[in-house]
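The lines below spell out each chain.
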Amino acid sequence: MKLVIGIVRPEKTNDVLEALFRCEVRGISMSRVQGHGGELERVETYRGTTVQMGLSDKTRFEIAVSDDFVEPTITALCEGGRTGEVGDGKIFVLPLERAVRIRTGETDHGAVTPVTA
Amino acid sequence: MTGVDTGDTAWMLAATALVILMTPALGLFYAGLVRSKNTLNTFMMCIAALAVATVTWAVIGYSFAFSEGNGIIGGFDYAFLKDVTFTPRDGTTIPHLLFFAFQASFCIITTALVSGAVVERMRFGPYLAFTALWSVLVYSVLAHWSFGGGWLIEGGTLDFAGGVPVEMGSGFSALAAALVVGTRKDYGRQALLPHNAVYVILGAGLLWFGWFGFNGGSGFGTGQGSVLAFTNTLLAPASTLVVWAICDAIRGRKVTAIGAATAIIVGCVLITPAGGYVSPGWAMALGGLGALPSYAIVMLRPRTRVDETLDVLAAHGMAGLTGILFIGFFAQTSWNGVSDGLLYGNADQLLWQTLAAVATPLYAFGMTFGLLKVMGLVAPLRVSEREEAIGMDVGQHGEEAYASGEGAILIRPPDGEAQLADGRTEGVPVANPA
């Protein structure tokens, strides 16, 4: 049982979602975050003020999966999120101690397996 | 001054300003309909028309539209505003300069309208070139046909405020532009939704407000035609709103806000050609019945591969065509003092309205299609797929509509302030890219 955190470009969000649904990973949390990962600087100008945008908008996926689903999830995040340019994002896989499905009280493996699977 | 009426002039000064307001209003309307990452680019396409089309209109467009020429296009008499002074133009009671400014506002808004077909993907540079060429090659020619002594107005086509050059001209050009520039990369694959419905409604409301100057000013004074057109501009869109809401309710069980905003535009367009020629009762009928063909196109177009993004064809092309044809049936001499339609015994009027409704779309579509094809040979019309994904605002303008400022590092202090408080001259990046 792992927690997969994927941080991707916002414009690739839909591609990642498509890839995840295709490999039947359901149960996804998604949030908009800002971060810095070494992309080439973007410069914006507002009247006389010129700024480097040090933080870029990113989309952060959090996906708790049973062990069998870890590799498909990582593959989907990579396929959906890759453009080949600096700034495509990162994936972190963390061990997961417990999981509880609130509706039924199921725990662990049962809780992170989609109902339909 | 001989022949100048102060009352007419006062109203036309105000009406011109009202029409100028329509272009930023259209910017707001369009900007709300696109995704947030393309807000500024979409808005700037309308602002660009204020810049470019005004200049081309003063340099040559006005002359091609309104100076003596042949049936197709005017001549060079008024190029660079030569002889456009305080003396009224024949048949008007306002200074010629004011007539020019009022007509300029029409050229600007029409040019801006076409952008709705190519938003979210067309490069800004080629778009500027397109507005310059289109405002002369398409708008000026069509304005000459129906306003400036060309073959339609001479033959007898009635077009009060621009069903031919403004509405059909922009609508069918938009269709051509969408076909040449091509679909957005995600079109038909992802849901591409309006990002701010409030902008859309506010934009539509301001457009309606401006339209009182557009239609009400097209009598070039305060005469009966202007008053009739002004009031019809209230009545027709109201009927369109009612019918549109009913259609929405039947189709989806809910009355939508963006549908209502669209209805306001469609209603204003419907009454644009007919405003000063039909009775208030017929204006309400036009607003109601005329909603249906435009509604059908708005519903069917997204099911095609034609990414005419903001439905300029449905809202302007189709509604303008409906309005032009409507005059052929329901014009009344007792109201307009000019001509009757078929219903009142004058079949000839319908013939000339039909000719306008056939020739205008053909010219607008053909000319725009050819123009963009040729431009496409010189330089690419679209941004790269990558830039389209990131958004036009950052890519084309280096700005964001909704910048938070978080993580922004000042790289050049404002002039006159050589150093920051602690003696450094630049901000510190949060991290140095490798």
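Concerning the overall build of chain A
Move 1: For chain A, the helix and strand inventory stands at three helices and six strands.
Move 2: Against the compact-globule benchmark of 13 Å for 117 residues, chain A has a radius of gyration of 17 Å, which places it well outside the compact range.
Move 3: For chain A, the spread of C-alpha atoms along the principal axes amounts to about 60 × 25 × 20 Å.
Move 4: Taken over 117 residues, chain A has a buried fraction of 22%.
Move 5: Of all intrachain contacts in chain A linking residues separated by at least 6 positions in sequence, the fraction that spans at least 24 positions is 74%.

Some words on the overall build of chain B
Move 1: Per the secondary structure count, chain B includes 16 helices and one strand.
Move 2: Taken over C-alpha atoms, the radius of gyration comes to 23 Å for chain B, in line with the 22 Å a tight globule of 434 residues would show.
Move 3: With respect to the principal axes defined by its C-alpha atoms, chain B has extents near 80 × 55 × 40 Å.
Move 4: Looking at the 434 residues of chain B, the share that counts as buried comes to 53%.
Move 5: A sequence separation of at least 24 residues applies to 75% of the contacts in chain B between residues at least 6 apart.

Looking at the sheet that holds strand β1 (residues 2-8) of chain A
To summarise the sheet geometry, strands pair through backbone hydrogen bonds and adopt either a parallel or an antiparallel arrangement.
Residues and elements named next belong to chain A.
Move 1: Strand order in this open sheet of four strands is β2-β5-β1-β6, and the pairing throughout is antiparallel. This sheet does not close on itself; its edge strands, each paired only once, are β2 (29-35) and β6 (89-95). Direction aside, neighbouring strands of the sheet carry axes that sit 20° apart on average.
Move 2: Pairing geometry for β1 and β6, over seven bridges, is antiparallel. Within β6, the residue paired with Val-4 across the bridge is Val-93.

Some points on helix α2 (residues 39-66) of chain B
Move 1: Counted at 1.5 Å a residue, the expected span for α2 of chain B with its 28 residues is 40 Å, but the 36 Å between its end C-alpha atoms falls short.
Move 2: The largest bend in α2 of chain B is about 65°, located at Trp-57 of chain B.

What to know about the confidence of the model for chain B
Segments scoring low in pLDDT should not have their predicted coordinates read at a detailed level.
All names here are of chain B.
Move 1: In the predicted model, chain B carries a mean pLDDT of 93, and 94% of its residues have values of at least 70.
Move 2: Per-residue pLDDT stays below 50 along residues 429-434; that stretch engages in twelve contacts with residues further than four places along the chain or on separate chains.
Move 3: Across the interface, the model reports ipTM at 0.77; the global pTM reads 0.90.

Observations concerning the packing of helix α3 (residues 96-114) of chain B against helix α4 (residues 124-146) of chain B
All names here are of chain B.
Move 1: Contact geometry for α3 and α4: axes closest at 10 Å, N-to-C directions at 115°. Taken together, the axes of α3 and α4 lie roughly perpendicular to each other. Between α3 and α4 lies a crossing whose hand is right-handed. Where α3 abuts α4, its residues Cys-107, Thr-110, Thr-111 and Val-114 lie against Thr-131, Trp-134, Ser-135 and Tyr-139.
Move 2: Here the contact of α3 with α4 is built from residues that sort into four nonpolar, four polar and no charged.

What about the nonpolar core?
A general trend in soluble globular proteins is that nonpolar side chains are found buried together.
Residues and elements named next belong to chain B.
Move 1: One finds Leu-26, Phe-29, Leu-207 and Val-278 to be the most contacted residues of the largest nonpolar core, which totals 132 residues.
Move 2: For this core, the leading source of residues is α2, giving 15 residues.
Move 3: Setting aside residues no more than four positions away along its own chain, Leu-26 makes contact with Cys-46, Ile-109, Ala-112, Leu-113, Gly-203 and Leu-207.

Considering the packing of helix α6 (residues 163-181) of chain B against helix α9 (residues 257-274) of chain B
The angle between the axes and the distance between the axes are what describe a pair of packed helices.
All names here are of chain B.
Move 1: At a minimum axis separation of 9 Å, α6 and α9 run at an interaxial angle of 145°. Crossing geometry of α6 relative to α9 is assigned as left-handed. Between α6, through Gly-163, Val-166 and Glu-167, and α9, the contact on the second element is made entirely by Val-269, Thr-272 and Pro-273.

Describing unusual backbone geometry
Residue and element names in this part refer to chain B.
Move 1: Within the chain, Leu-81 stands out as a residue other than glycine whose phi angle is a positive 60°.
Move 2: Counting through the fold element by element, Leu-81 comes out in the loop between α2 and α3.
Move 3: Residue Leu-81 is classed as partly exposed on the basis of its 15 C-beta neighbours within 10 Å.
Move 4: Of note, Phe-220 is a non-glycine position whose phi angle comes to about 55°, a positive value.
Move 5: Looking at the secondary structure, you find Phe-220 in the loop between α7 (197-216) and α8 (224-252).
Move 6: Among the residues examined, Phe-220 registers 23 C-beta atoms within 10 Å and is labelled buried.

Focus: the environment of Arg-26 of chain A
Move 1: Assignment of secondary structure puts Arg-26 of chain A in the loop between α1 (13-22) and β2.
Move 2: On a C-alpha basis, the gap between Arg-26 of chain A and Thr-113 of chain A in space is 8.4 Å, while along the polypeptide they are 87 residues apart.

A short note on α9 of chain B
Every α-helix winds through 3.6 residues per turn, so residues three or four apart in the chain are directed the same way.
Move 1: Helix length check: α9 of chain B (18 residues) gives 27 Å between terminal C-alpha atoms against 26 Å at 1.5 Å per residue, within 8%.
Move 2: Counting buried residues in α9 of chain B gives 14 out of 18 residues, a clear majority hidden from the surface.

A word on the pairing of β1 of chain A
Move 1: Where β1 of chain A lies against strand β5 (residues 56-65) of chain A, seven bridges are found, and the strand directions are antiparallel. Bridge pairing in β5 of chain A places Val-8 of chain A opposite Thr-59 of chain A.

Here we look at the environment of His-109 of chain A
Residues and elements named next belong to chain A.
Move 1: By the element assignment, His-109 lies in helix α3 (residues 108-112).
Move 2: His-109 sits in the exposed class, given 12 other C-beta atoms within 10 Å.
Move 3: Taking the C-alpha atoms as reference points, His-109 and Asp-57, 52 residues apart in sequence, are found 33 Å from one another.
Move 4: With residues up to four places along the chain from it excluded, the contact list for His-109 reads Met-1 and Ser-66.

Comments concerning the environment of Gly-376 of chain B
Residues and elements named next belong to chain B.
Move 1: Tracing the backbone through its elements, the reader meets Gly-376 in helix α14 (residues 347-378).
Move 2: Judged by the 15 C-beta atoms lying within 10 Å of it, Gly-376 is partly exposed.
Move 3: Measuring from C-alpha to C-alpha, the distance between Gly-376 and Val-180 comes to 8.6 Å, with 196 residues separating the pair along the chain.
Move 4: If we ignore the near neighbours within four places in the chain, the residues touching Gly-376 are Val-180 and Leu-381.

What counts and what doesn't
Residues numbered from 1 in each chain as written. Chains lettered and ligands numbered in written order. Predicted model: local features only at pLDDT ≥ 70, side-chain atom pairs only at ≥ 80, totals over all residues. Helix = DSSP H or I, 4+ residues; strand = E, 2+ residues; numbered from the N terminus. Rg over C-alpha atoms; globule rule 2.2 N^0.38 Å. Buried ≥ 20, exposed ≤ 12 C-beta atoms within 10 Å, placed from the backbone. Contact = placed C-beta atoms within 7 Å. Pairing = 2+ DSSP bridges. Axes fitted to C-alpha atoms, helices over the stretch in contact; angles between N-to-C directions. Expected span 1.5 Å × (residues − 1). Bend = angle between axes of the 7 residues up to and from the residue. pLDDT = per-residue confidence, 0-100. Parallel < 35°, antiparallel > 145°, perpendicular 65-115°, else oblique. Left-handed = near helix turned anticlockwise from the far one by under 90°. Nonpolar A, V, L, I, M, F, W, Y, C, P; charged D, E, K, R; others polar. Core = buried A, V, L, I, M, F, W, Y, C linked by C-beta atoms within 7 Å.

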